Amino acid sequence: MRRAGPAPGAAALPPPPRLRAMQGRESPAEPGSGPARRFPVAAVDEILRDVVGSALREQRYEAGPCREAARDIAEVVKARVKDLGVPRYKIVVVTHIGQLGEQSLQIGSRCLWDPGTDTFSSFVFKNTSLFAVANVYGVYFE
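The structure reproduced in this document is the subject of the present report. Since the model is a prediction, treat every value here as computed from it, not as a measurement. (Residues numbered from 1 in each chain as written. Predicted model: local features only at pLDDT ≥ 70, side-chain atom pairs only at ≥ 80, totals over all residues. Heavy atoms only, no water.)

Applying the stated criterion across every chain, the model contains four aromatic pairs. Ring plane angle 65 degrees and centroid distance 5.4 Å describe the contact between Tyr-89 and Tyr-140, whose orientation is recorded as edge-to-face. Taken together, the positions of Tyr-89 in strand E1 (residues 89-99) and Tyr-140 in strand E3 (residues 130-140) put the pair 51 residues apart, joining distant regions of the chain. (Phe/Tyr/Trp six-rings, centres within 6.5 Å; stacked < 30°, edge-to-face > 60°. Helix = DSSP H or I, 4+ residues; strand = E, 2+ residues; numbered from the N terminus.)

Structure, rendered in structure tokens:
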């Protein structure tokens, strides 16, 4: 049985768009091969401590400004994590800020997860008026 393929002397087809877009960058990994470089949890922990601490150290809880602060913190953290240059990881940042009182709060999240490649970093901050929880998820994209 003969395999189908280009006729002898025929020009090769250009690479598919996904591969054209990657030219000059890391080559696509074989499915299931895992990341060439692991997600840097310790560096992300430091980014979270720095960004959240500096943004909220002197902040008093007020709903409007804290809503904006949560969004700004998430954007800054995501930009700094992307600057670490870890290829093939999707970065998801979730930040919660609430008033510190006598209440309790439970936060949960769910997603498809590969424990061999995916990971996360979390940071909890408190001052006299508010608390903040910031999570960064590094999900490997094959």
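The rest of the description comes next.
With respect to the helices, strands and loops of the structure, Ala-42 is situated in helix H2 (residues 41-56). Its relative accessible area of 60% is what places Ala-42 among the exposed residues. Put simply, Ala-42 and Ser-121 are 79 residues apart on the chain and 8.3 Å apart in space, counted from C-alpha to C-alpha. (Buried < 20%, exposed > 50% of the residue type's maximum accessible area, 1.4 Å probe, protein only.)

Counting across every chain of the model gives two salt bridges. Across the salt bridge formed by Glu-46 and Arg-49, the nearest N and O atoms sit 3.3 Å from each other. A residue pair is termed a helical-turn pair when its members lie 3 or 4 positions apart in one helix, as Glu-46 and Arg-49 do in helix H2 at three residues. The exposure class of Glu-46 is partly exposed, given its relative accessible area of 46%. A salt bridge links Arg-80 to Asp-50; the shortest N-O distance between them is 2.6 Å. Separated by 30 residues along the polypeptide, Arg-80 in helix H3 (residues 63-82) and Asp-50 in helix H2 bring together distant segments of the chain. According to the relative accessible area criterion, Asp-50 is partly exposed, its value standing at 36%. (Salt bridge = Lys/Arg side-chain N within 4 Å of Asp/Glu carboxyl O.)

Positionally, Asn-127 belongs in the loop between strand E2 (119-126) and E3. Among all residues touching Asn-127, those that are not within four sequence positions of it are Leu-56, Arg-57, Gln-59 and Leu-100. (Contact = heavy atoms within 4.5 Å.)

If you walk across this open sheet you meet the three strands as E1-E3-E2, and the pairing is antiparallel. The open sheet has two edge strands, E1 and E2, and neither has a second partner. Neighbour to neighbour, the strand axes of the sheet diverge by 10 degrees on average, direction disregarded. Summarising the sheet, E1 and E3 pair through 11 bridges and their orientation is antiparallel. Its bridge partner lying in E3, Ile-97 is registered against Ala-132. (Pairing = 2+ DSSP bridges. Axes fitted to C-alpha atoms, helices over the stretch in contact; angles between N-to-C directions.)

What is shown is where atoms sit, not what they do.
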